[in-house]
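In case you want the letters, here they are:
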Amino acid sequence: MKIRILKLDTVDSTNTEALKHARNGADEGLCIIARQQTAGRGRLGRTWVSEKDAGLYFSIVLRPKIEQAFFPLITLAAGIAVFDTLVSYGLEPDIKWVNDVMVGEKKISGILAETTESNFGSAVVLGIGINLNSANFPQELTDSATSLESEGVRIDLNELVKNLSGQIASRYELIHSSAGRREIIEEWKNRSTYFEGKHVRVKMGGEEIVGVTAGLEPNGALRLSVNGHERIIHTGDVENLRVSKSL
Ligand code: BTN
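To start, this report covers the structure provided alongside it. Quick caveat, the model's predicted, so the values are computed rather than measured.

Within the protein chain, the secondary structure is distributed over five helices and 12 strands. Over its C-alpha atoms the protein chain spans a radius of gyration of 17 Å, differing by no more than 12% from the 18 Å that the globule rule assigns to 247 residues. Taking the principal axes of the C-alpha coordinates as reference, the protein chain spans close to 50 × 40 × 35 Å. In the protein chain, which comprises 247 residues, the proportion classed as buried is 51%. Across the protein chain, the fraction of contacts at a sequence separation of at least 24, relative to all contacts at a separation of at least 6, is 63%. Carbon and sulfur atoms provide 47% of the accessible area of the protein chain, an area that totals close to 11,800 Å².

Next comes the structure, spelled out in structure tokens:
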């Protein structure tokens, strides 16, 4: 995949911008980055706080040639890419299913994958936010989020973008073969303490279930053991119960 970077100053959302480019026929590998987002979006309809120069706001256009059922693996692959990028800066991250990258139980990066269809075919836009500094975090984020600056890491933004896009390109290749897809699950397992044996609460719409994680399905869905029964979770918010108890 050939990476092409388009830098913008202010945009509503780099994902929205990348979706527009995808619908207009952009090739895969186009990356949109912005210094600021006025309507940054998170998962499940949430807002992604996007103050000027306080985060990396990054979206890449992908055109995967695989069954839609495997699309969730793109998110897992992105989590691995962010994880390895952070490790290269000396951090020790964790990945909370499905796509929150954490440092010391605080969120440092989030991932939002969205799909679109047009005459040019289907596309996936993979949006990644990485907190660069926490100076202007709103009150509600100060306990639950961290940033590279708070973790004592200084970065050169161009270098960060280069590292991250390179990591994404190499992980993304893997989703196109069944051996590669198994490798993504294996790599995710090796990086996440949430893979198995973690006591969690999962919030899915109005429903909340408590259970113990028991690995991932081949498409990246989470297996949860609930009172001895297995539940397969396709979407939801996972909370580490051991941490919330000790707070
Ligand atoms: C989440 O954890 O809820 C996902 C957050 C994703 C944020 C990124 S920032 C770049 C891209 N543009 C957006 O509007 N959202 C994603």
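This next bit is on the sheet that holds strand β12 (residues 237-240). Taken together, five strands build an open sheet; the order of strands is β11-β10-β9-β8-β12 and the sheet is antiparallel. Strands at the two margins of the open sheet, each flanked by one partner only, are β11 (229-233) and β12. For this sheet, the mean inter-axis angle between neighbouring strands, taken without regard to orientation, is 45 degrees. Pairing geometry for strand β8 (residues 196-204) and strand β9 (residues 207-216), over seven bridges, is antiparallel. Bridge pairing in β9 links V200 to G211.

What follows deals with the site of the ligand. S13, Q37, R41, R43 and K107 are the nearest of the 20 residues found near the ligand. K107 places a polar side-chain atom, nitrogen or oxygen, 2.6 Å from an oxygen atom of the ligand. Among the secondary structure elements, those contributing two or more residues to the shell around the ligand are α1 (14-23), β3 (55-62), β6 (106-118) and β7 (121-131). Taken together, the residues of the shell around the ligand sort by class into six nonpolar, 10 polar and four charged.

Turning our attention to the packing of helix α2 (residues 72-87) against helix α4 (residues 178-191). Running from N to C, α2 and α4 point in directions that differ by 45 degrees, and their axes come no closer than 10 Å. Between α2 and α4, the angle is such that the two are oblique. Read as a crossing pair, α2 and α4 show a hand that is left-handed. The residues of α4 that touch α2, namely those facing L73, L76, A77, I80, F83 and D84, are R181, I184, I185, E187, W188 and R191. A per-class count over the contact of α2 with α4 returns eight nonpolar, no polar and four charged.

Right, let's talk about the nonpolar core for a bit. Judged by nonpolar contacts, the single largest core of 57 residues is most densely connected at F58, I128, L148 and W188. Ranked by residues supplied to this core, first place goes to α2 with 10 residues. Not counting residues within four places of it along the chain, the set of residues in contact with W188 comprises L76, I80, I95, W97, V98, Y194, F195 and L216.

Rules used throughout
- Every residue gets a number counted from 1 within its own chain, in the order that chain's sequence is written.
- Two thresholds apply to this predicted model, a pLDDT of at least 70 for residue-level local features and 80 or more for giving and counting side-chain atom pairs, whereas whole-chain, interface and lining totals are computed over all residues.
- By convention in this description, side-chain values take in all heavy atoms of the structure and omit both hydrogens and water.
- Helix and strand labels come from DSSP, where a helix needs a run of H or I of at least four residues and a strand needs a run of E of at least two; each type is numbered from the N terminus.
- In this description the radius of gyration comes from C-alpha coordinates, and the expected globular size is given by 2.2 Å times residues to the power 0.38.
- For every residue, the accessible area (1.4 Å probe, protein chains only) is compared with the maximum for its type, and the residue is labelled buried under 20%, exposed over 50%, or partly exposed between those bounds.
- Throughout, a contact is declared for two residues whenever any of their heavy atoms are within 4.5 Å.
- Here the open area of atoms and residues is found with the Shrake-Rupley method and a 1.4 Å probe, where only the protein chains shown may cover a residue.
- Strands qualify as paired when DSSP identifies two bridges or more between them.
- Orientation is described by lines fitted to C-alpha atoms, with helices fitted over the stretch in contact, and by angles between N-to-C directions that extend from 0 to 180 degrees.
- Near residues are defined by distance, with any heavy atom within 4 Å of the molecule or strand qualifying the residue.
- Polar contacts here mean pairs of N or O atoms no more than 3.5 Å apart (in protein, one a potential hydrogen donor and the other a potential acceptor; neighbouring residues in sequence count only if both atoms are side-chain atoms).
- Note on residue classes: Ala, Val, Leu, Ile, Met, Phe, Trp, Tyr, Cys and Pro are nonpolar, Asp, Glu, Lys and Arg are charged, and everything else, Gly too, is polar.
- Working rule for angles: under 35 degrees goes down as roughly parallel, over 145 as roughly antiparallel, 65 to 115 as roughly perpendicular, anything else as oblique.
- Left-handed describes a crossing in which the near helix is turned anticlockwise from the far one by less than a right angle; the clockwise case is right-handed.
- In these notes, a set of buried Ala, Val, Leu, Ile, Met, Phe, Trp, Tyr and Cys residues joined through side-chain atoms within 4.5 Å is what counts as a nonpolar core.

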